[in-house]
Amino acid sequence: MQRGGFGLGMAEAITFLEQNAVLGKTKDLYRLFTAIFLSFCDVMLLPLDGAAQVDSALVQFMQMAFECGEDISYGQTTLAAFCDAYVEYGKGGPLFSHLPRTRRALRAWRRIDPPASRLPYGWTIVAGLCVLARLLFGEAEAVCMAGHFDVYARPQAWLAIRWGDVTDEMPGLPFIAVTMCPRELGKASKTGKYDDLSLI
């Protein structure tokens, strides 16, 4: 995609570091979202000659996506992709504050249709998978799968558990305690916590 098209973007060359600010699948996704937005503008004959017109076009695109049943992440990805392609509209850029309607639309979208986290599988499905794992691979895999589900841990944290991180049941406490991401290993959980304790 050419920088500076549609009256957008700076005409100067992009440096190697700028090109590598976003990589891989995210870069591909951003290119796709930017292309979809720009195609929408072409089809709807929306001019993009200044910040006010860009803001208006983004709002109309987000309204269309909302009405088609997309969730808030679609709008957020669209804005992130656009700001990656046209960095002057991104955080710290000279035109960052020139998209007030777009950011207001995103706030409203989040309020009207808040993002929902995926619900975990029910115990009956997990139990069935554990039985299959036991039959196909053995007890260790089945116990690992059941424990992983029970503590709702990320694979990295669950697979890093050592023998000393597990505390057996005690009188009056009918649970097994598992300490994940011990401080002594120096690796925090994704939320930045150490010594996360879960009861099984």
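Everything here concerns the structure above.
Reading the values: the criteria
- Residues numbered from 1 in each chain as written.
- Predicted model: local features only at pLDDT ≥ 70, side-chain atom pairs only at ≥ 80, totals over all residues.
- Heavy atoms only, no water.
- Salt bridge = Lys/Arg side-chain N within 4 Å of Asp/Glu carboxyl O.
- Helix = DSSP H or I, 4+ residues; strand = E, 2+ residues; numbered from the N terminus.
- Buried < 20%, exposed > 50% of the residue type's maximum accessible area, 1.4 Å probe, protein only.
- Axes fitted to C-alpha atoms, helices over the stretch in contact; angles between N-to-C directions.
- Parallel < 35°, antiparallel > 145°, perpendicular 65-115°, else oblique.
- Left-handed = near helix turned anticlockwise from the far one by under 90°.
- Contact = heavy atoms within 4.5 Å.
- Nonpolar A, V, L, I, M, F, W, Y, C, P; charged D, E, K, R; others polar.
- Core = buried A, V, L, I, M, F, W, Y, C linked by side-chain atoms within 4.5 Å.

Colleague: What is the right way to look at the pattern of salt bridges in this model?
Modeller: Oppositely charged side chains can pair when the atoms bearing their charge come close. Enumeration according to the criterion identifies five salt bridges in this entry. For R162, the salt bridge is made with E184, and the minimal N-O distance between the two is 2.9 Å. Taken together, the residues span a long stretch of sequence, with R162 in the loop between α8 (155-159) and β1 (166-167) and E184 in the loop between β2 (177-180) and β3 (196-199) at a distance of 22 residues. Residue classification places R162 among the partly exposed positions, given a relative accessible area of 32%. Assessed through its relative accessible area of 65%, E184 is described here as exposed. What you see here is one network of salt bridges that share partners, running through R162, D165 and E184.

Colleague: Which parts of the structure should I look at to understand the packing of helix α4 (residues 72-85) against helix α5 (residues 100-112)?
Modeller: Any two packed helices are characterised by the angle at which their axes cross and by the distance between the axes. One can describe the packing of α4 onto α5 by two numbers: an axis separation of 9 Å at closest approach and a directional angle of 160 degrees. Of the possible angle classes, the one that applies to α4 and α5 is roughly antiparallel. Read as a crossing pair, α4 and α5 show a hand that is left-handed. Across from I72, G75, Q76, L79 and C83 in α4, the residues of α5 making contact are T102, R103, L106, W109 and R110. Taken together, the residues of the contact of α4 with α5 sort by class into five nonpolar, three polar and two charged.

Colleague: Sorry, what's going on with the nonpolar core here?
Modeller: The tendency in soluble globular proteins is for nonpolar side chains to be buried as a group. Among the nonpolar cores identified, the biggest contains 28 residues, and F37 and Y89 are the most heavily contacted of them. Where this core is concerned, the elements lending two or more residues are α2 (24-43), α3 (51-67), α4 and α5. Beyond its immediate sequence surroundings of up to four residues, F37 is in contact with L48, A57, L58, F61, T78 and F82. Core analysis: the second largest hydrophobic core is formed by seven residues, A153, A157, M180 and C181 among them.

Colleague: Please clarify how the packing of α3 against α5 should be interpreted in this entry.
Modeller: Between α3 and α5, the least distance of the axes is 8 Å, while the angle of their chain directions is 20 degrees. The angle between α3 and α5 falls in the class roughly parallel. By crossing handedness, the relation of α3 to α5 is classed as right-handed. Every residue of α5 that contacts α3 at D55, S56, L58, V59, M62, A65 and F66 is listed here: P100, R101, T102, L106, W109 and I112. Tallied by class, the residues present in the contact of α3 with α5 amount to nine nonpolar, two polar and two charged.

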